[in-house]
Amino acid sequence: ARSEVIDPHLAHQLVQVLGERTIVHSDATRRRFLSPLNGSGERKTKTDVEGWSAVEAAANLLDADSFVSVPLLHRDKALGRIYVTSRKSRFFDRADEAFLLQVSEHVVSVLDHIRLMDQLATEAAEEERKRIARDIHDSIIQPYIGLQMGLVGVRRRLSSPPGDDTNNDQTLQKIVHDAAADTG
């Protein structure tokens with residue numbers, strides 16, 4: 001088995017062409033089945049379904065003698081498609097389609113869980129960033145501002161006339177001591 005990267009324009013065509021329907025295509029017998037997703041009702045034949053030209057276009061784009069394709073649905077909206085192709089005629093049948101539908105349901109479920117986990121991790125990281133910012137502000141920035149204000153007070157005291165004794169030196173010592181205790 002091999003996988004290939006395809007042209008984005010081709011990928012867009014293959015995703016859009018079949019909408020929310022499942023398909024089993026086999027070129028050798030000219031059997032083409034297009035099923036509604038709900039599984040109710042009969043399989044539609046080529047003459048019953050509009051858009052068979054799109055099915056044949058998909059077969060040509062894939063260069064496959066047979067293929068099976070199912071949509072990836074999330075909350076009743078098609079997010080993409082899974083295609084499995086073969087160069088052998090009559091390679092796929094309804095059982096392959098049913099299996100691939102189950103696979104697509106599990107894939108979408110896993111992708112939804114990954115998206116949810118990513119969202120939770122992003123929100124947790126943002127909350128942690130905010131907590132760290134608050135901690136930095138409370139433990140480092142506020143005492144630093146207090147120290148700056150104390151230094152301004154010391155400068156004023158040094159420039160004031162002698163004998164003007166306010167208790168600024170003890171307050172400054174307390175600010176410096178508290179800042180050192182918070183960061184240590």
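The shown structure was predicted, so the numbers you read here are calculated from the model rather than taken from an experiment. (Residues numbered from 1 in each chain as written. Predicted model: local features only at pLDDT ≥ 70, side-chain atom pairs only at ≥ 80, totals over all residues. Heavy atoms only, no water.)

### Let's talk about helix 3 (residues 94–159)
- Spanning 66 residues, helix 3 covers 95 Å between terminal C-alpha atoms, matching the ideal 98 Å at 1.5 Å per step.
- The largest bend along helix 3 reaches roughly 35 degrees and is located at H137.
- Along helix 3, the positions that sit buried rather than exposed are E97, L100, S104, V108, P143, G146, G150 and G153. (Helix = DSSP H or I, 4+ residues; strand = E, 2+ residues; numbered from the N terminus. Expected span 1.5 Å × (residues − 1). Bend = angle between axes of the 7 residues up to and from the residue. Buried < 20%, exposed > 50% of the residue type's maximum accessible area, 1.4 Å probe, protein only.)

### Overview of the confidence of the model for the chain
- For the chain, the mean per-residue pLDDT works out to 75, and 70% of the residues sit at or above 70.
- No element of the chain has a lower mean pLDDT than strand 2 (residues 31–35), at 53, and none a higher one than helix 3, at 87.
- In this model, residues 36–42 is a region of pLDDT below 50 whose contacts with residues beyond four sequence positions or in other chains number 5 contacts. (pLDDT = per-residue confidence, 0-100. Contact = heavy atoms within 4.5 Å.)

### Points about the pattern of salt bridges
- Following the criterion strictly, the structure yields 5 salt bridges and no others.
- Put simply, D112 and R115 hold a salt bridge, and the shortest N to O gap is 3.7 Å. Pair noted here: D112 and R115 are both in helix 3, with a separation of 3 residues, about one helical turn.
- Judged by its relative accessible area of 42%, R115 falls in the partly exposed class.
- Its salt-bridge partner being R131, residue D135 comes within 2.6 Å of it at the nearest N-O pair. In this pair, D135 and R131 are both assigned in helix 3, 4 residues apart and thus about one turn of the helix distant.
- Counted as one network, the salt bridges with shared partners bring together E128, R131 and D135. (Salt bridge = Lys/Arg side-chain N within 4 Å of Asp/Glu carboxyl O.)

### Examining the packing of aromatic side chains
- Overall, the coordinates contain 2 aromatic pairs when judged by the stated rule.
- Between F67 and Y83, the ring centres sit 5.8 Å apart and the planes meet at 45 degrees, which makes this aromatic pair tilted. With a gap of 16 residues between them, F67 in strand 3 (residues 66–74) and Y83 in strand 4 (residues 77–86) connect regions that are remote in the sequence.
- The class of F67 is buried, set by a relative accessible area of 0%.
- Where F91 meets F92, the ring centres are 5.0 Å apart and the plane angle is 85 degrees; that geometry is what we call edge-to-face. (Phe/Tyr/Trp six-rings, centres within 6.5 Å; stacked < 30°, edge-to-face > 60°.)

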